[in-house]
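Report on the structure
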Amino acid sequence: MPQPRSALGTAAPEGPPEAVARASAAAPPAGAGRSRRLATGVLTAGVARGVGLLAPVLLIPVCLSRLGAERYGLWMAVLALTGMAAFADLGLGAGLMTKLAPCYASGDTARARGYVSTAYAVLTAVAVTLGVLLWSLAWLVPWTSLFNVAGVVDPGETRAVVLICLTSFLVNIPLALVVRVQYAYQQVGESNLWQGAGALATVPLVLLVARLGLPAVAVVAAASAGPLLANLANSAWVYGRRMPALRPGIGAVDRRLGAALLRLGGMFFLVTVLTGLSTNMDNLIITHTLGPESVTAYAVPARLALLLGALVTVLNLPLWSANGDALARGDLAWVRRTVRRMLVLSVLATVPPAVGLVLAGDRLFAAWLPVPLDGNRWLLGGLALWFLLIGSFSALMMVQNAAGVVRPQVVGLVVYVGVAAVAKWHAVEAYGLAAVPFVGTAVYALTVLPAGLYGYRRTLARYAGLRPASPSAGPAVEQDGDAVGARRERRPGP
């Protein structure tokens, strides 16, 4: 494998001094070079992931026609459950990306393979254990009552939908690690293309199932298969041809590296849990207060609005590694300038489609979907506002993630989940579906947003009096329990 030419992330290079010296000498110039890499990452993320995110939305008419409002609502509620269980990777995905950064910088492929192999071993064990428990207990859980579809959807069919969705989710836990490896090794464009291809692969699969007239659960299976097949093919490409030196193997598993990954992933684990709860509790609240048909009326426009926030978040994701490089170099001016630009770009990318959703969403649904929906413009406006707020401020969160300043996000999300869950439940009962996104927006603005601003300022303040150390200065510094990932020295006194 060719030696890497640039450092990624914030961690100091690891490995032999001569390897570190080579990586340091070959490091790209700061500022302009970093901005070019960021622009490339943003462009590929926007194009590839935008196409990929659009594919499931294009299938909504087919899925609604084959499943009906009740079964489609059940499916969305189960998917919400898997979204809330996104913490099942124990934060190892984010931890792996951070740990691989110094290995990439120094060319230490042996250590990198140890991290990759250990992460795969741990998450495969987690997936297998949870899978055995799921299939052992599936016939004992009253799924129809849990999802409030008793008397509407057959118990056997309900159980089949649950097993398909949850099994696919568990299998994808270790398979998705390849995405983290690609990001750490600056293959962002390739990774985005593979993920987009996985989403697009669901289109012919679902259309084929619908054309053959197979049972409704087959539609769910076809929609779940695309991302799995893409990650499997991507893994074969990365570890077979692109980076065979990183191919995971049992012999490369290291308990010490596993402990380090778990410690680093702990805080990311909490953020993932809380984020999953905050973004997926709406469907579960609605199904228990208003019934599964109302979930469909909410989930379809929410999925369109989710495209806005998800796309903007993806656009900002390359900032993670770029900010790490800038912070390690002490280039705070670049961080501030780029965050401002990305905030403006995020708003410009989100506002036009959000306005279009509010003004024409009802007519779009009436002409597009086989099942009529309540085109409530208040609901559409609230959803657009909610995801605009989340996506636009993701640039601030990427700065904190690069520095390992995670606690402010955790505190803000804890308060948000507790307050929003109660407020949304009562708001739905009192005012209906349209109240859900407005309540979420208000609570988010009062809890998560101030915490994010505090974390951003705290990050910049932490680096304000520091300068980067030499590449061979030693291991990463640990602060406040978060792996800051940069070896720094204080500026000399006068």
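Our structure's up above, just so we're on the same page.
Next up on the list: the overall build of the chain. Of the regular secondary structure elements, the chain holds 19 helices and four strands. Burial statistics for the chain: of 494 residues in total, 52% are counted as buried. Restricting to contacts in the chain with at least 6 residues of sequence separation, those with at least 24 account for 82%. When the accessible surface of the chain is split by element, carbon and sulfur atoms take 67% of a total near 20,500 Å².

Once that is clear, we can look at the pattern of salt bridges. Any two side chains of opposite charge can pair, given that their charged atoms come close. Taken as a whole, this structure holds three salt bridges when the rule is applied. Across the salt bridge formed by Arg242 and Glu190, the nearest N and O atoms sit 3.0 Å from each other. Placement of Arg242 in helix α10 (residues 216-242) and of Glu190 in helix α9 (residues 188-212) is noted, with a sequence separation of 52 residues between them. For Arg242, a relative accessible area of 33% puts it in the partly exposed group. Owing to a relative accessible area of 27%, Glu190 belongs among the partly exposed residues under this scheme. Asp282 is paired through a salt bridge with Lys424; the nearest N and O atoms lie 2.7 Å apart. Pair noted here: Asp282 is in helix α11 (residues 255-289) and Lys424 is in helix α17 (residues 407-431), with a separation of 142 residues, a long-range link. Grouping residues by exposure puts Asp282 and Lys424 together as buried.

Following the criterion strictly, the structure yields eight aromatic pairs and no others. When the centroid spacing of 5.8 Å and the interplanar angle of 85° are considered together, the rings of Tyr72 and Trp75 count as edge-to-face. Of this pair, Tyr72 and Trp75 both sit in helix α3 (residues 60-84), three residues apart, roughly one helical turn. The exposure classification of Tyr72 matches that of Trp75, with both residues buried. Aromatic pair Trp386 and Tyr444: ring centres 5.5 Å apart, planes at 90°, arrangement edge-to-face. Placement of the pair is Trp386 in helix α15 (residues 377-392) and Tyr444 in helix α18 (residues 435-446), with a sequence separation of 58 residues. Exposure class is identical for Trp386 and Tyr444. Each is buried. Cluster of aromatic residues (ring-pair linked, three or more members): Trp386, Tyr416 and Tyr444. We note Lys424 situated over the ring of Trp386; from NZ or CZ to the ring centre the distance is 5.4 Å.

All right, on to the nonpolar core then. Counting 122 residues, the largest nonpolar core has Tyr72, Trp75, Leu96, Leu100, Val181, Tyr185 and Tyr416 as the members making the most contacts within it. Looking at this core element by element, the count peaks at ten residues for α3. Non-local contacts of Val181, meaning those with residues more than four positions away in its chain, are made with Leu96, Leu100, Val116, Tyr239, Met243 and Leu246.

Bringing the packing of helix α5 (residues 109-137) against helix α7 (residues 155-175) into the picture now. Contact geometry for α5 and α7: axes closest at 8 Å, N-to-C directions at 165°. By the angle between their directions, the pair α5 and α7 is classed as roughly antiparallel. As for how α5 packs across α7, the hand of that crossing is left-handed. The segment α5 lies against α7, with Tyr120, Leu123, Thr124, Ala127, Leu130, Gly131, Leu134 and Trp135 engaging Leu163, Leu166, Thr167, Leu170, Ile173, Pro174 and Leu175.

We now examine α15. Quick reminder: α-helices carry 3.6 residues per turn. Residues three or four places apart thus point the same way. The terminal C-alpha atoms of α15 lie 22 Å apart, and with 16 residues this matches the ideal 22 Å at 1.5 Å per residue to within 8%. Of all the positions in α15, only Leu379, Leu380, Gly382, Leu383, Ala384, Trp386, Phe387, Leu388, Leu389, Gly391 and Ser392 are classed as buried.

Another aspect to go through is the environment of Gly95. In this fold, Gly95 is placed in helix α4 (residues 92-106). In this structure the C-alpha to C-alpha distance between Gly95 and Phe268, which are 173 residues apart in sequence, comes to 7.5 Å. Apart from residues lying up to four places away in sequence, Gly95 is in contact with Leu261, Leu264 and Phe268.

This paragraph deals with the side chain of Ser235. Mapped onto the elements, Ser235 comes out in helix α10. Accessibility expressed as a relative area gives 11% for Ser235, which makes it buried.

Glancing now at the packing of α11 against α17. Relative orientation of the contacting elements α11 and α17 amounts to 5°, with a least axis distance of 9 Å. Comparing the axis directions of α11 and α17 gives the class roughly parallel. When the residues that make up the contact of α11 with α17 are grouped by side-chain class, the tally is 16 nonpolar, five polar and four charged.

The residue Gly404 is located in the loop between α16 (394-403) and α17 in this model. Through-space distance from the C-alpha of Gly404 to that of Met267 is 8.7 Å; in sequence the pair is 137 residues apart.

So, about a nonpolar patch on the surface. There is a patch of nonpolar side chains on the surface, built from Leu130, Leu133, Leu137, Leu140, Val141 and Leu146 and spanning about 520 Å² of accessible area. Counting residues per element, the nonpolar patch draws most heavily on α5, at three residues. For Val141, the position within the fold is in the loop between α5 and α6 (143-146). What makes Val141 partly exposed here is its relative accessible area of 32%.

Rules and cut-offs
- Here the residue numbers are simple positions, counted from 1 along each chain's written sequence.
- The predicted origin of the model limits local features to residues at a pLDDT of at least 70 and limits the giving and counting of side-chain atom pairs to 80 or more, whereas totals for whole chains, interfaces and linings rest on all residues.
- Side-chain metrics in this entry use all non-hydrogen atoms of the structure; hydrogen atoms and water are not considered.
- Put simply, DSSP H or I for four residues or longer makes a helix, DSSP E for two residues or longer makes a strand, and each gets a number counted from the N terminus.
- For each residue, the accessible area found with a 1.4 Å probe, counting protein chains only, is set against the maximum for its type, and the residue is called buried under 20%, exposed over 50%, and partly exposed in between.
- Between two residues, a contact is recorded if the distance between any of their heavy atoms is within 4.5 Å.
- To measure how exposed things are, a 1.4 Å probe is used in the Shrake-Rupley method; for residues, cover is taken only from the protein chains shown.
- One speaks of a salt bridge when a side-chain nitrogen belonging to Lys or Arg is within 4 Å of a carboxyl oxygen belonging to Asp or Glu.
- Working definition: a ring pair exists when centres of Phe, Tyr or Trp rings (six-membered ring for Trp) sit within 6.5 Å. Plane angles under 30 degrees give stacked, over 60 give edge-to-face, the rest tilted.
- To sit over a ring, a charge needs its Lys NZ or Arg CZ within 6 Å of the ring centre and within 35 degrees of the ring normal.
- To qualify as a nonpolar core, a set must consist of buried Ala, Val, Leu, Ile, Met, Phe, Trp, Tyr and Cys residues joined through side-chain atoms within 4.5 Å.
- Here, axes are lines fitted to C-alpha atoms. For helices the fit covers the stretch in contact, and angles between N-to-C directions go from 0 to 180 degrees.
- The scheme is simple: roughly parallel for angles under 35 degrees, roughly antiparallel for over 145, roughly perpendicular for 65 to 115, oblique for anything else.
- Crossing handedness is read from the near helix: turned anticlockwise from the far helix by less than a right angle, it gives a left-handed crossing, and turned clockwise, a right-handed one.
- One fewer than the residue count of a helix, multiplied by 1.5 Å, yields its expected span.
- The residue classification treats Ala, Val, Leu, Ile, Met, Phe, Trp, Tyr, Cys and Pro as nonpolar and Asp, Glu, Lys and Arg as charged. All others, Gly included, are polar.
- Patch membership is restricted to residues that have no salt bridge and whose relative accessible area is over 30%. Joining uses 9 Å for like charges and 5 Å for the nonpolar side chains Val, Leu, Ile, Met, Phe, Trp and Tyr.

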